[in-house]
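Here's the letter readout for the chains.
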Amino acid sequence: MNSSGGTRSPATKEMGWLCGDKLHFWEPNQTFHTDRPDLSECFQLSVLAWLPCVFLWVASPAYICYLKKSSRGYIMMSLLNRFKTAFGLLLWIVCWADLFYTFHELQQGQSPPPIYFITPLVLGITMLLATFLIQYERLHGAQSSGVLFFFWFLSLLCAIVPFRSKILKASSSGGVPDKLRFTSFYFYFGLILLELVLCCLNEKPPLFSNVVTDPNPCPEATAGFLSTVTFWWFTSLAIKGYKMPLEAKDLWSLNQRDSSKKIVPKLLKEWEKEQTKVKSSEQNLTTKATYAKQQPSATNHVSGGAAGGETSPEEVEVLLSNQKAAPHQPSFLRVLIKAFGPYFLIGSGFKLLQDSIIFVNPQLLRMLISFTSQKDVPVWWGYTLAFLMFFAAILQTLILHRHFQYCFVTGMNVRTALIGAIYRKSLVITNAAKHSSTVGEIVNLMSVDAQRFMDLTTFLNMLWSAPLQIMLALYFLWQNLGPSVLAGVAVMVMLIPFNAVIAMKTRAYQVEQMQHKDARIKLMNEILNGIKVLKLYAWENSFKEKVLAIRQKELNVLRKTAYLGALSTMAWTSAPFLVALTTFAVFVSVDEKNVLDAEKAFVSLSLFNILRFPLNMLPQVISSLVQASVSLKRIQNFLSHDELDPNSVDRKTSSEFAVSVVNGKFTWAKEDEPVLDNINVMVPQGSLVAVVGHVGCGKSSLISALLGDMEKVEGEVCVRGSVAYVPQQAWIQNATLRDNILFGKSFNESKYRRVLDACALTPDLEVLPGGDMTEIGEKGINLSGGQRQRVSLARALYSDSEVYLLDDPLSAVDAHVSKHIFDNLIGPEGVLKGKTRILVTHGISFLPQVDNIVVMVEGRVSEMGSYQELLNQNGAFAEFLRNYALEDIVEEDEATEQLIEDELFPDDVLSNHHTDMVDNEPTVNEAKKSFMRQISILSGDSENLRCRSVRRQSQKKHQEAQEKKKPQEVQKLIQAETTETGRVKTKVFLEYAKAVGLVLSVIICLLYGCQSAAAIGANIWLSQWTSDSLTNDTQNNVHKRVGVYAALGIAQGVLILVNCLLCRAYCMLRAAKLTHRNMLQGVLRAPQAFFESTPTGRLLNRFSKDVDAIDSHIPDNIDIWMRTF
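Calculation rules
- Residues numbered from 1 in each chain as written.
- Predicted model: local features only at pLDDT ≥ 70, side-chain atom pairs only at ≥ 80, totals over all residues.
- Heavy atoms only, no water.
- Pairing = 2+ DSSP bridges.
- Helix = DSSP H or I, 4+ residues; strand = E, 2+ residues; numbered from the N terminus.
- Axes fitted to C-alpha atoms, helices over the stretch in contact; angles between N-to-C directions.
- Core = buried A, V, L, I, M, F, W, Y, C linked by side-chain atoms within 4.5 Å.
- Buried < 20%, exposed > 50% of the residue type's maximum accessible area, 1.4 Å probe, protein only.
- Contact = heavy atoms within 4.5 Å.
- Patch = residues over 30% accessible without salt bridge, like charges linked within 9 Å, V, L, I, M, F, W, Y side chains within 5 Å.
- Areas by Shrake-Rupley, 256 points an atom, 1.4 Å probe, with all protein chains shown as cover.
- Salt bridge = Lys/Arg side-chain N within 4 Å of Asp/Glu carboxyl O.
- pLDDT = per-residue confidence, 0-100.
- Expected span 1.5 Å × (residues − 1).
- Bend = angle between axes of the 7 residues up to and from the residue.
- Polar contact = N/O pair within 3.5 Å; in protein donor to acceptor, adjacent residues only side chain to side chain.
- Parallel < 35°, antiparallel > 145°, perpendicular 65-115°, else oblique.
- Left-handed = near helix turned anticlockwise from the far one by under 90°.
- Nonpolar A, V, L, I, M, F, W, Y, C, P; charged D, E, K, R; others polar.
- Lys, Arg positive; Asp, Glu negative; His and termini not counted.
- Charge placed at Lys NZ, Arg CZ, Asp CG, Glu CD.
- Phe/Tyr/Trp six-rings, centres within 6.5 Å; stacked < 30°, edge-to-face > 60°.
- Lys NZ or Arg CZ within 6 Å of the ring centre and 35° of its normal.

The strand order β2-β1-β4 describes an open sheet built from 3 strands, whose pairing is antiparallel. Each having just a single partner strand, β2 (676–683) and β4 (711–719) make up the two edges of the open sheet. Sheet twist, expressed as the average angle between the axes of neighbouring strands with direction ignored, equals 15°. In this sheet, β4 lies alongside strand β1 (residues 659–667) in antiparallel orientation, the contact comprising 7 bridges. Counterpart to T667 in the pairing with β4 is E711.

Here it is as C-alpha cells:
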C-alpha cells in the first residue's frame, strides 16, 4: 500500500478521527518493505510524541512521594539549575507556539487534523511538569534524576525518527512546505538534546549534608544517574589501583547507610521485636493452660489413663513439662528478612528484568538466521537485528550488575550486622551461657558463619531465578523442537531427588564439621593464652598432637563432603549436555521428517547455554543455603541465650547510702544453688569498707554482684554514682602505658603525675624503654604481675569515679609496695579519701585503718562493723585474724630484710636484674596460681622498691639517662598486620602446588584439558551433525551422530567425576592438611618474643577464617578458574 493509495489498514481506520483524511497512521510498505524505511507523520506525532509524556506522567506521582520522603535538604540555585529551568520553559513555549499556529491555521479557513491540537498541548503541559520536577528536586536535595534522564532520553530517541523524516521529505520535494513547524521542531530537538546533556551533570550537594563535612567522601553518594548506572564513579579508584598498590588511606569513607553505626542497631531492634513477640505468645499460651484436677473415683484405686479414657495428673504434669522443655525460639530468619529484605528486593527486581531480557537474544538469533536464508529482503533488517542483539546484551549487562550491586551491599550489611550483634551478645550473656558457648564457637560465629551469609546473599536470587530461567528455556525449546524436549525435562526431574539426598547428607556433615572446628579453635585459644607456661614445660608436641587429632576428624568429614560434592558437580555439570543429548536424539528418532538444521541447532544451543548457568548455579546455591541454614541455627541459638539483667543493680542517685544490698541472694546460673545468700550491706558515702574472709567464701562474688555480673534471685542492690573496678587479674590493652591509664580520657599532666606517684609507677617509667609511651604487649605480657596490677589501679584512679570496687589488688604486689599504695591511694589519707571504697583484702595490717569491715563466711555476711567492734565479738573475724596474722608478720619481716639488703647493692646491678626479671616473668596461669603468684612477687615489685631506695642516692644520674632516652624513637612492639600487594608471587603458587603434589597438579591440569577437549569435540560434532541437512544425509548417520555425541558427553562427565574426586577429596585436602600442620608447627616453635608482638586474635584468624578458605574457597576458585580455559 502506497502512502497515497486507496485501502486503509484497520489501525488507520481506528485512528482516522485523530489523523484526519490526509494523514495515515500506519503504512507497512513505507515502514518495512523498502530500502528507505520511514514512519507515517501521524504515527510520529502521536505514538512517538506521546510515549515520553506517558512515562513522565505515570512516574511522577511515585517520584514526588519518594523525593518528599527522602528529602536531604535544599540545593542553592546554581547556574546549571537555571539553564535546565530556562530550557524547560523554552520547550513549553516552542510546543505551545505550534498549538497557537494551529489555531491560526483554523482561523485562516484551513482544517488541520486534531493531532495538531492534541500533541502540542500534551507536550507543553509535560514540559511544564518536567520544569516543576527540576525545581522540586532542587528543593529536596536531589543532585541527579533518573526519571528525568529517562524522559529526556526517550524524548530524544523518539525525536530522531522525525528528525530524519523531515530531512528526507525536504530533500525529495525540493523545499520545506511547512516552514514554521519545521523550524520549531529543530528548536525542540536541540533543546531536548541540551536538557539530556545537562541532566548528565550533577548538582552541588545540599546544604548541611554529611557529604560536605566528610574529608574523603565516597563519590557514589554524589554520583549522577548515568555515573551510577555505569559505575563511572569508581573509575578514579580503579586507575589509582592500576598505577600503585592501594592502601587503607586511599579508600573512601563508608556510606552512612552502610556503616555499622546504622546497621547493627537496625538488626538488634528487629531482633528485640521478635523476642518480645515470642515471649508474649508464650505468656498467652501459659495463661490458657489450665490444670484440671481429676474427679474422685468411687473405687479406692486409681484407674489407668488409657483404660478409663482419662489423663492422670502425673501424665498432665509430664505433658506440661515437655511443653516447657521445648520453648519456641524467635526466628532469626524473619528478623533478617525484615531488616534487609526491602533493599534486597530491589536487586531481585533487577534480576527479574535481566531474566526476561536474556531470552531476547535467542529470538533475535532465530530472526537473523532466517534473514540470511531469505532473498529480496532489505539489508537494513540485518543491521537492525545485529544492533538489537548488541543493545540487548548491553542492557542485560547494566541490569545484571545493578542486581549484583544490591546483592553485594546487602551481603556486606548482613555480615556487618551479624558480627556486631554477636559481639554485643558475647558481652552480656549470662555465666551459664558462657559454658555452652565457648570462645572458639564465638570466633567461628563472627568469622566463618557471618561470612557464609555474605557468600549466600550474592546468588540467593538464583533460588527462584534458576527455576524461572529453566522453565522459560524449556518453553522456547518446546517451540523449537516440540515434544522432544520432554526427554530433557525427564532428565532434570531425575536429578532433583539425587541432589536432594546429597544436600541432606551435606548438611549433616556441615554440622559435624563446625563442631570439630569449634573444638579446634577453642583448644588453639587455650594454647595461645597459656603459651608461656606451655613453653616452660615443653608441652608443644603434646598439644600439637591434640590439635592435629581434632583436625584429622575435621578433614575426614570434609573428605565425605567432597565425595558428595563430586557426585553433585558431575550431575549438574553434565545436566545441560544430557538434556541436549536426549532432546536431539529423541527429536531425530521419533520422526524421519525431523531434521536438525542450523536454525534449530544454534537456537537450541543458545537456549541450552542459557540453561547451563542456572543448572550449574542451583546446586551451589543449595549447598550454600544448606551451610547458611546451619550457621543460621548456630547464630540463632547463640543470640537466644539469656542476658544479664541491666536493671539488677539500681543506679538511682536518691539512695541514702553509696552502696546498699538488702536481703540479696545471688547465683552464677539460675539452675545452680545460690552462691551468696541473705546479704545485707550498707556502705555510707565516702567510707572505706574492707571485705575479708577465707578463700572461696564469696568476697569476689560480692563484688561481681555489685557490678551486676551475677543473677539476682531476690533482694535489692543500689549503687550510687559511677563505678571503677579493679579485678584480681589486671586487664591490660595492647596500647601504650599512658593509653592504658587514660583509657580514652583527656590527658591532664598534673593529675596524671599524681596518679603515677600514688600507684608507685614513677620508678617503673625509668626502667621501661620508652617511659609511659612504651607499647604494652597483648594482655600486658611485657609487664610483671605487680606492674599490671598497678596500671589497673592507676586507670581506676584516673577515671575519677564515685565508687571504687577493689578486688584484692594488693595481693600481686610486695608487702612494702602494698603499704605504699594503701597509704597513698586507698587509705584514709590517700588520694581516694572522700570516695566510696570497697576493698577485698587478705592483708590484716590495713584493717585497723578502715571504717568498716564485712566478714564473709560461706556466702553470707557473718559480721560487719569496725575493727575494734569485731575484735571484741571474738567471732569469725577473730578466727580470720588468728589464721592470717602469722603469715602477715612473716611477710613484713621479709620486706624489712629486703630493704636492708637494698642499700648494699650497686645501682646498675639492680637495674639490670630488674629488667631481666621483667622480660622473663611467666604469665599467671590459673592451674599454677600459687606457684605463679610467688614468681610474680619475686619479679618486679620488690625490685622496684629497691631501685627506688637506691635512686634516692643517685637521682641526678637517672634523670640524665632519662633525658638521653627521650630523643630516641621507641620501636613499636605490635606491628600492624600487612598484606601482600600486586600480583600473587609464583612462589605462592609453587608452595601450594608442592602441598598438593607436583605430579598430581600436572595430572589435574591434564584432566581439566581432557574435559574441555571433550566439550569442544561435542560442539564440533554437533555442528557437523547440523550440516547433514544440507546433503540430505540425515537418516543414514543418525545412530552414528547420536552415539559419538553421547560418548563425548559421557566422557566429559566421567572426567569431571574423576577430577573432582582426585582434586577435592584427595589433593586439596592433602594441601589443607599440610598447610595447617606447617602453620601449627611454625606457631608452636616460634620464640616467646613472637607472641609478645603478635595479638592472639590475629593468630586465631589464621586458624579459623584462613584455614576455612584453604579448606573450601581455594578449591572452589581453582575449579572455576580451570573451567575458564
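Now that the structure is up, let's keep going.
Here we take up the nonpolar core. Within the largest apolar cluster, 47 residues are counted, with the highest numbers of intra-cluster contacts made by I741, C759, L825, I826, L847, I853 and F877. Top element by residues in this core is helix α29 (residues 785–799). It accounts for 6 residues. Those residues within four positions of F877 in sequence are excluded, and the remaining contacts are V692, L847, I853, V855, E863, Y867, L870 and L871. In terms of nonpolar packing, the next biggest core, distinct from the first, is built from 41 residues, A580, A585, L607 and W1025 among them.

What follows deals with a nonpolar patch on the surface. On the surface, F387, L388, F390, F391, I394, L395 and L398 cluster together into a nonpolar patch covering about 630 Å² of accessible area. In this structure, L388 sits in helix α17 (residues 379–428). A residue is classified by how much of its surface remains accessible, and L388, at 36% relative accessible area, is partly exposed.

With mixed pairing, 6 strands are arranged side by side in an open sheet as β5-β6-β7-β3-β8-β9. Either end of the sheet is taken by a strand with one partner, and the two such strands are β5 (723–726) and β9 (860–865). With direction set aside, neighbouring strand axes in the sheet form an average angle of 15°. The pairing of strand β8 (residues 852–857) with β9 spans 5 bridges and is classified as antiparallel. Within the sheet, the bridge partner assigned to V857 lies in β9 and is R860. Helix α30 (residues 815–826) contacts β3 (688–693), β6 (803–807) and β7 (836–840) of the sheet and is inclined by roughly 160° relative to β7.

Our focus in this paragraph is the confidence of the model for the protein. Looking at the protein, pLDDT values average 79 and 82% of them are 70 or higher. Ranking the elements of the protein by mean pLDDT puts helix α33 (residues 907–920) last, at 34, and helix α15 (residues 332–357) first, at 92. Confidence over residues 1–8 falls short of pLDDT 50; this stretch has 18 contacts with residues more than four positions distant or in other chains. Low pLDDT, under 50, characterises residues 290–326; the predicted model gives this stretch 10 contacts beyond four residues in sequence or across chains.

Moving on, we come to α15. In this model α15 runs 35 Å from its N-terminal to its C-terminal C-alpha over 26 residues, within 8% of the 38 Å that 1.5 Å per residue would give. G341 marks the point of greatest bend in α15, at about 65°, and the proline P342 comes within the next four residues. Capping of α15 at its N-terminal end is provided by S331; its side-chain oxygen lies 3.2 Å from the backbone amide nitrogen of R334.

With that out of the way, let us pick up helix α5 (residues 79–107). The terminal C-alpha atoms of α5 lie 42 Å apart, and with 29 residues this matches the ideal 42 Å at 1.5 Å per residue to within 8%. Where α5 terminates, the next one or two residues include G109, which has phi positive at roughly 95°.

The next point concerns the environment of A86. By the element assignment, A86 lies in helix α5. Between the alpha carbons of A86 and T131 there is a distance of 8.5 Å; along the sequence they are 45 residues apart.

Their axes nearest at 9 Å, the elements helix α21 (residues 485–529) and helix α23 (residues 540–590) cross at an angle of 165°. Here α23 runs roughly antiparallel to α21, going by the angle between their axes. The two elements α21 and α23 cross, and the hand of that crossing is left-handed. Its residues placed into classes, the contact of α21 with α23 shows 25 nonpolar, 9 polar and 9 charged.

Moving on to the side chain of Q1011. Here Q1011 is to be found in helix α37 (residues 998–1027). If sequence neighbours within four positions are ignored, Q1011 has contacts with Q1052, L1055, I1056, N1059 and R1123.

Our focus in this paragraph is a negative patch on the surface. Taken together, the side chains of D642, E671, D672 and E673 make up a negatively charged region of the molecular surface. Residue placement: D642 occurs in the loop between α24 (598–639) and β1.

Here we take up a positive patch on the surface. On the surface, a cluster of positive charge is contributed by K269, K273, K277 and K338. Residue contributions to the positive patch peak at 3 residues, all from helix α12 (residues 260–288). Relative to the assigned elements, K277 resides in helix α12.

With that settled, consider the packing of aromatic side chains. Given two aromatic rings, one states the distance between the centres and the angle between the planes to describe the pair. All told, the structure shown has 36 aromatic pairs when counted by the stated rule. Judged by centre distance (5.1 Å) and plane angle (70°), the rings of F103 and F117 are edge-to-face. A residue pair is termed long-range when its members are at least 10 positions apart, and F103 in helix α5 and F117 in helix α6 (residues 115–139) qualify at 14 residues. Put simply, the rings of F163, F182, F185, Y186, Y188 and F189 pair up and form one aromatic cluster. The ring centre of Y116 lies 4.3 Å from the NZ or CZ of R181, which sits over that ring.

It is worth spelling out the pairing of β3 at this point. Most of β3 sits out of view: 6 of its 6 residues are buried. Because side chains alternate across β3, one face comprises the buried residues L688, A690 and V692, and the other comprises V689, V691 and G693, equally buried. Pairing of β3 with β7, which is carried by 4 bridges, proceeds in the parallel orientation. Bridging across to β7, V691 finds its partner in V840. Of the pairings in the sheet, the one linking β3 to β8 comprises 5 bridges and is parallel in character.

Looking now at unusual backbone geometry. The backbone of N678 sits at a positive phi, close to 55°, despite the residue not being glycine. Residue placement: N678 occurs in strand β2. Given the relative accessible area of 42%, N678 is considered partly exposed. For F743, which is not a glycine, the phi torsion comes out positive at approximately 55°. For F743, the location among the structural elements is in the loop between α26 (737–742) and α27 (749–758).

The geometry of α6 relative to helix α8 (residues 179–199) is characterised by a closest axis approach of 14 Å and an angle of 25° between their N-to-C directions. The pairing of α6 with α8 is recorded here as roughly parallel in orientation. The handedness of the crossing between α6 and α8 comes out as left-handed. Residue-level inspection shows Y116, L123, M127 and I134 of α6 in contact with α8, the latter providing R181, Y188, I192 and E195.

Looking now at the side chain of N525. Tracing the chain through its elements places N525 in helix α21. Residue N525 is classed as buried on the basis of its relative accessible area, which comes to 11%. Apart from the residues lying within four places of it in its own chain, the contact partners of N525 are V439, T1096 and L1100.

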